[in-house]
Amino acid sequence: MKQTAVVTAGTAGIGLETALGLAEAGLAVTVVGRDAERGARAVERINATAPVHSARFLAADLASLDAVRGLADRIGEDGPLTVLVNNVGAMFPDRQDTVDGIEAAFAVNHLSPYLLTELLLPALRAGAPSRIVNVTSGAVGVAKRVFDAVEPPGGYYGFHWYGRAKLANLAYTLVLAGRLDGAGVSVFAADPGGAATDMTNGTMRDPKIVSPGLRLLWPLVRRKFERSTAGPASLAAKSSIFAATDGSLAGRTGVVIGPQTLPVDPFRPATDPRIAGAVRRLTERLAPVTTV
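The shown structure was predicted, so the numbers you read here are calculated from the model rather than taken from an experiment.

Q: Sorry if this is basic, but what is going on with the packing of aromatic side chains here?
A: The relative placement of two aromatic rings is captured by the distance of their centres and the angle of their planes. Inspection of every chain in the model, using the stated rule, returns two aromatic pairs. When the ring of Tyr114 is compared with that of Tyr172, the centres are 5.0 Å apart and the planes differ by 75°; the resulting orientation is edge-to-face. In this pair, Tyr114 sits in helix α4 (residues 104–126) while Tyr172 sits in helix α5 (residues 158–180), placing the two residues 58 residues apart along the sequence. Exposure remark for Tyr114: the relative accessible area of 7% places this residue in the buried category.

Following this line, the structure appears as structure tokens:
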């Protein structure tokens, strides 16, 4: 049976490098993105490496829950799925709402990969042994750990809200691993560390993305972060590629793969049942899963 992979936000940066790595490993790769021209260029670059299977592009705006549902329908029609890499991620300097009226950072970084994953579970079970890889971030360490509502108390600060959405997704990832244990579907989180991407070269240079208490120190913190961890996207993609393909992880699940492509301890709050329960209740209210 042909092994297949889906990589969201796979037309550039870490996502494209992940797609290249999966194609090199012999998987038939589908890259998902919003822009058809970038998608065509990504497919051309992947296919230029002479992979075993040609790549393809599917267009979807993953800020829209209806678009996520439509994407899941299209992928599900293809049959069994071997690897799903939820690489999509976005940080916003100013508060934005999606077409669904949901704060954008939470929608893109958590609700989108959650809904796509849940809707593709039948295909992943059919493709077992299969793997789900959710890309996480060190920004979880600055997250407000309150999930009674979409928006935490206090002002909007993009870096912290990005971290909060990633924390929600990490908590979900670990719970999902337990749910699927024994089903032939392994679940991993992959931390790419720092990388020279549009996010780090653009949004993260704006001091207003952090709270006032950190703002004066932010240029120093950011530069230290960039010097110590930031590298090319090809290096940052290695944790996702490892989680998706490495044989040493066969039979394992619920593992966080760090930037050095080694298992690391999960951020402790993500393992807190109270946080996981609050995330589940909020998530199920905002993005109900309906299957036929």
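There is more to say, and it comes next.
Q: Honestly, unusual backbone geometry in this entry has me stumped. Any pointers?
A: Where the residue is not glycine, phi is negative for most of them; where a peptide bond is considered, it is trans in most cases. Cis geometry marks the peptide bond from Ala128 to Pro129, where omega comes out at 0°. Structurally, Pro129 is set in the loop between α4 and β5 (130–135). Positive phi outside glycine occurs at Ala50, with the angle close to 55°. Turning to its location among the elements, Ala50 is positioned in the loop between α2 (36–47) and β3 (56–59). Under the relative-accessibility criterion, Ala50 is labelled exposed at 62%. Positive phi is not limited to glycine here, since Thr261 has a value of about 55°.

Q: What am I meant to see in the pairing of strand β6 (residues 185–190) here?
A: Consecutive side chains of a regular strand alternate in pointing toward one face of the sheet and then the other. Across the six residues that make up β6, a large majority, six, are buried. The alternating pattern of β6 places Val185, Val187 and Ala189 and Ser186, Phe188 and Ala190 on opposite faces, both of which are buried. One ladder, built from six bridges, connects β5 with β6; its direction is parallel. Its bridge partner being in β6, Ile132 is matched across the sheet by Val187. For the crossover that starts at β5, traverses α5 and ends in the parallel β6, the hand is right-handed. Two strands pair when backbone bridges link them, and β6 and strand β7 (residues 255–257) are joined in this way by three bridges, in the parallel orientation. Bridge pairing in β7 links Phe188 to Val255.

Q: What am I meant to see in the sheet that holds β3 here?
A: Sheet strands line up and pair through hydrogen bonds in the backbone, either parallel or antiparallel. Ordered in space as β3-β2-β1-β4-β5-β6-β7-β8, the eight strands form an open sheet in which the pairing is mixed. Of all the strands in the sheet, the pair left with one neighbour each is β3 and β8 (263–264). Across three bridges, strand β1 (residues 4–8) lies against strand β4 (residues 83–86) in parallel orientation. Of the residues in β4, the one forming a bridge with Val6 is Leu84.

Q: I tried to follow the nonpolar core on my own but got confused; where do I start?
A: One broad rule of soluble globular proteins: the nonpolar side chains tend to lie buried together. If you look at the biggest cluster of nonpolar residues, it comprises 58 residues, and the most contacted ones within it are Phe106 and Phe147. Of all the secondary-structure elements, those providing two or more residues to this core are α3 (65–76), α4, α5, β6 and α11 (273–286). When neighbours within four sequence positions are excluded, Phe106 is seen to be in contact with Leu111, Phe147, Val150, Arg164, Ala165, Ala168, Leu282 and Leu286. Judged by nonpolar contacts, the second largest core, of 27 residues, contains Ala19, Phe188, Phe242 and Leu249.

Q: Is there a simple way to think about the environment of Phe242 in this case?
A: You can see Phe242 is positioned in helix α10 (residues 238–245). On a C-alpha basis, the gap between Phe242 and Gly21 in space is 9.2 Å, while along the polypeptide they are 221 residues apart. Setting aside residues up to four positions removed in sequence, Phe242 forms contacts with Arg131, Ser248, Leu249, Ile257 and Thr261.

Q: Quick question: what am I supposed to make of the pattern of salt bridges here?
A: If the charged atoms of two oppositely charged side chains come close together, the side chains can form a pair. For the structure on display, the rule yields eight salt bridges. Where Glu118 meets Arg179, a salt bridge forms, and the shortest distance between an N and an O atom there is 2.7 Å. Of the two residues, Glu118 sits in helix α4 while Arg179 sits in helix α5, which places them 61 residues apart along the sequence. Classification of Glu118 as buried rests on a relative accessible area of 12%. Taking the relative accessible area as the measure of exposure, Arg179 reaches 46% and is therefore partly exposed. A salt bridge links Arg274 to Asp272; the nearest nitrogen and oxygen atoms lie 2.9 Å apart. By relative accessible area, Arg274 is classed as exposed at 68%. Beyond isolated ion pairs, a larger network of salt bridges with shared partners links Arg95, Asp97 and Glu151.

Thresholds applied
Residues numbered from 1 in each chain as written. Predicted model: local features only at pLDDT ≥ 70, side-chain atom pairs only at ≥ 80, totals over all residues. Heavy atoms only, no water. Phe/Tyr/Trp six-rings, centres within 6.5 Å; stacked < 30°, edge-to-face > 60°. Helix = DSSP H or I, 4+ residues; strand = E, 2+ residues; numbered from the N terminus. Buried < 20%, exposed > 50% of the residue type's maximum accessible area, 1.4 Å probe, protein only. Pairing = 2+ DSSP bridges. Right-handed = clockwise from strand over helix to strand, strands pointing away. Core = buried A, V, L, I, M, F, W, Y, C linked by side-chain atoms within 4.5 Å. Contact = heavy atoms within 4.5 Å. Salt bridge = Lys/Arg side-chain N within 4 Å of Asp/Glu carboxyl O.

Structural measurements only, silent on function.
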